[in-house]
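Summary of the model geometry
What follows is the residue order along each chain.
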Amino acid sequence: MQVQMNTGESFERAASGARDPVTIRARAPLRISFAGGGTDVPPFPQTEGGCVLSATIDFYAYSSLLPGPDSHFEVRSPDLGTVFRMTRSGYRADDDAPQTRKQLVEAVLKEFPQSGGLFSAGSLVLHSDAPPGSGLGSSSALIVAMTATMAYRTGEALGPYELAERAAKIERTNLEIPGGYQDHYAATFGGFNFIEFEGDGALVHPLALRSDTVDELHASLTLCFTGRTRLSGHILERQIEAYERKEKSSVEALRRLKQLAIDMRAALLRGRLREFAEGLAEGWEAKKRLAEGISHPELDELYEYGTKNGAVAGKVLGAGGGGYFLFYSPVEKSAGLRQALEERGFRVVPFSFERRGVQIWRAPYF
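Quick summary incoming for the structure in this document. Residue indices follow the written sequence of each chain, beginning from 1 at its first position. The model is predicted, so local features are restricted to residues of pLDDT at least 70 and side-chain atom pairs to those at 80 or more, both for listing and for counting; the totals for chains, interfaces and linings are taken over all residues. Hydrogens are left out, water is left out, and the side-chain values use all remaining heavy atoms of the structure.

**Some remarks on the pairing of strand S7 (residues 192–198)**
- Summarising burial for S7: five of the seven residues are buried, a large majority.
- Only strands that DSSP links by at least two bridges are regarded as paired with each other. By definition, any uninterrupted DSSP run of H or I lasting at least four residues is a helix, any uninterrupted run of E lasting at least two residues is a strand, and each is numbered from the N terminus. Across six bridges, strand S2 (residues 50–66) lies against S7 in antiparallel orientation. In the strand pairing of S7, Cys-51 is matched with Glu-196.
- With six bridges joining them, S7 and strand S8 (residues 201–206) adopt antiparallel strand pairing. If you follow Glu-198 over to S8, its bridge partner there is Gly-201. Accessible area is worked out with a 1.4 Å probe on protein chains only. A residue is then buried under 20% of its type maximum, exposed over 50%, and partly exposed in between.

**Focus on the packing of aromatic side chains**
- A pair of Phe, Tyr and Trp rings is counted when the ring centres sit within 6.5 Å of each other, with Trp represented by its six-membered ring. The angle between the planes then sorts it: under 30 degrees is stacked, over 60 is edge-to-face, the rest tilted. Scanning the model with the defined rule gives 14 aromatic pairs in all.
- When the ring of Tyr-185 is compared with that of Phe-197, the centres are 6.1 Å apart and the planes differ by 75 degrees; the resulting orientation is edge-to-face. Residue Tyr-185 is located in helix H6 (residues 182–189), and its partner Phe-197 is located in strand S7; the two are separated by 12 residues in the primary sequence. Accessibility classification places Tyr-185 together with Phe-197 in one group, the buried group.
- Residues Phe-325 and Phe-327 carry aromatic rings whose centres are separated by 4.9 Å and whose planes lie at 40 degrees to one another, so their mutual orientation is tilted.
- The exposure class assigned to Phe-327 is buried, which follows from its relative accessible area of 0%.
- Each residue in the set Tyr-161, Tyr-185, Phe-189 and Phe-197 is aromatic and connected to the rest through ring pairs, giving one cluster.

**Thoughts on empty space enclosed by the protein**
- Here the term cavity refers to a set of points on a 1 Å grid, laid over the protein atoms alone, in which a 1.4 Å probe fits but cannot get out; the term pocket refers to an open set having protein on both sides within 12 Å along at least five of seven lines, with lining residues being those that place an atom within 4 Å of a point. Grid points are joined across faces, edges and corners, and a volume is the space filled by probe spheres set on the points. Going through the model one piece at a time under the given rule, you end up with two cavities of 30 Å³ or more.
- Here the largest cavity is characterised by a volume of approximately 50 Å³.
- In terms of lining, the largest cavity is formed by Phe-34, Ala-35, Gly-36, Gly-37, Leu-257, Leu-280, Gly-283, Trp-284, Lys-287 and Lys-315.
- Those elements that provide at least two residues to the lining of the largest cavity are strand S1 (22–35) and helix H10 (273–287).
- The greatest single-element share of the lining of the largest cavity, amounting to four residues, is contributed by H10.
- Split into classes, the residues belonging to the lining of the largest cavity amount to five nonpolar, three polar and two charged. Gly falls in the polar group here, along with every residue not listed as nonpolar (Ala, Val, Leu, Ile, Met, Phe, Trp, Tyr, Cys, Pro) or charged (Asp, Glu, Lys, Arg).

**Thoughts on the layout of surface pockets**
- In this structure, the second largest pocket spans a volume of roughly 230 Å³.
- What lines the second largest pocket is a set of 14 residues, and nearest its centre among them are Ala-168, Tyr-181, Tyr-185, Asp-200 and Gly-201.
- Among the elements of the structure, helix H2 (44–47), helix H5 (160–174) and S8 are those that each provide at least two residues to the lining of the second largest pocket.
- Tallied by class, residues from the lining of the second largest pocket come to six nonpolar, four polar and four charged.

**Some points on helix H7 (residues 211–220)**
- All of the buried residues along H7 are Thr-213, Val-214, Leu-217 and Ser-220. Looking straight down H7, one finds its buried side chains confined to an arc of 135 degrees; they lie on one side. Residues of H7 that are exposed and point more than 90 degrees away from the buried face comprise Ser-211 and Asp-215. By definition, the arc is the one covered by directions from the helix axis to the C-beta atoms.

**Some thoughts on the packing of helix H4 (residues 138–154) against H6**
- Contact geometry of H4 with H6 gives a least axis separation of 8 Å together with a crossing angle of 55 degrees. The angle between H4 and H6 places the two elements in the oblique class. Judged by the sense of rotation from one axis to the other, the crossing of H4 with H6 is right-handed. Across the interface between the two elements, Ser-140, Ala-141 and Val-144 from H4 touch Asp-183, His-184, Ala-187 and Thr-188 from H6.
- A per-class count over the contact of H4 with H6 returns three nonpolar, three polar and one charged. Every axis corresponds to a line fitted to the C-alpha atoms, with the helix fit spanning only the stretch in contact, and the corresponding angles, defined between N-to-C directions, vary from 0 to 180 degrees. If an angle is under 35 degrees, it is roughly parallel; if it is over 145, roughly antiparallel; if it lies from 65 to 115, roughly perpendicular; otherwise it is oblique. By convention the crossing between two helices is left-handed if the near helix lies anticlockwise of the far one by an angle smaller than a right angle, and right-handed if it lies clockwise. Should any heavy atoms of two residues lie within 4.5 Å, those residues are considered in contact.

Written as structure tokens, this is what we have:
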């Protein structure tokens, strides 16, 4: 996969009012992280090497670049209900759009200085199937989609590793948002992956799973929204500080999470889903030892309620504190678990696995 557009000439013609205007559109899938989350957060990868086991699902972050006759560049986020305007010097402050979304857009545009013509006309429409703080990597996937859109628009050829690295650089280095690197690679490559992190690099190992393993896994998993999102930065800052202080519980938990990712990869490849589920349960216990705030009484009660109604394992997705909770149950108990969760007031969200990573295409402009 390469993100490339010939020269961007058709968009320029569209912006100037020529016939057949087009929209450049990209979508990047969100992900479920099964094991190893936290070991991709610096400085652990640089000192001990991290690894993550994950799969992308049919929730997406979208970026659409539209031509327009107006004299400004507008950014619309239907999922947040906001609109703001960009200028060469940045964004206008006379609106209530979330600061973080503004910063993401500005940071992506700065990575493509050759896109200066955007500020004369057109609009960028962004939305995600999951809100920020969901634990599904939605913010990172949105940056991947925006970066793919801009690379396509400017004619810059990016391979998948280059795209993931560029998106990670924008979020983690340029914006200094604390966090790991798994989400950028998952959104770019798509599918089931075992991703290794060492130093400043990553290596993605796609998993060739048997179809019956994938079918059984999908039927055994239940995705449940906890009813609250969270800001992961503070939790991750506490995790980083604990590791840098060499707190025994945090260091041992990270090392155990790394080993569990390795073991659960082997279990998936061999179709041993009982071992996979056991690793999921142990991983949640290890994850809670990384930092304060990853779990809280409401999440503990949710987990206990799930296990009383058929689940054998579960974990909160992402950094913790809220967002989506993933349960594993024997297939014959899955329907009862989902019904029990909904009766308790939780929202069970259907999903399918997505084998494709970021997709870029041109569409007619309406």
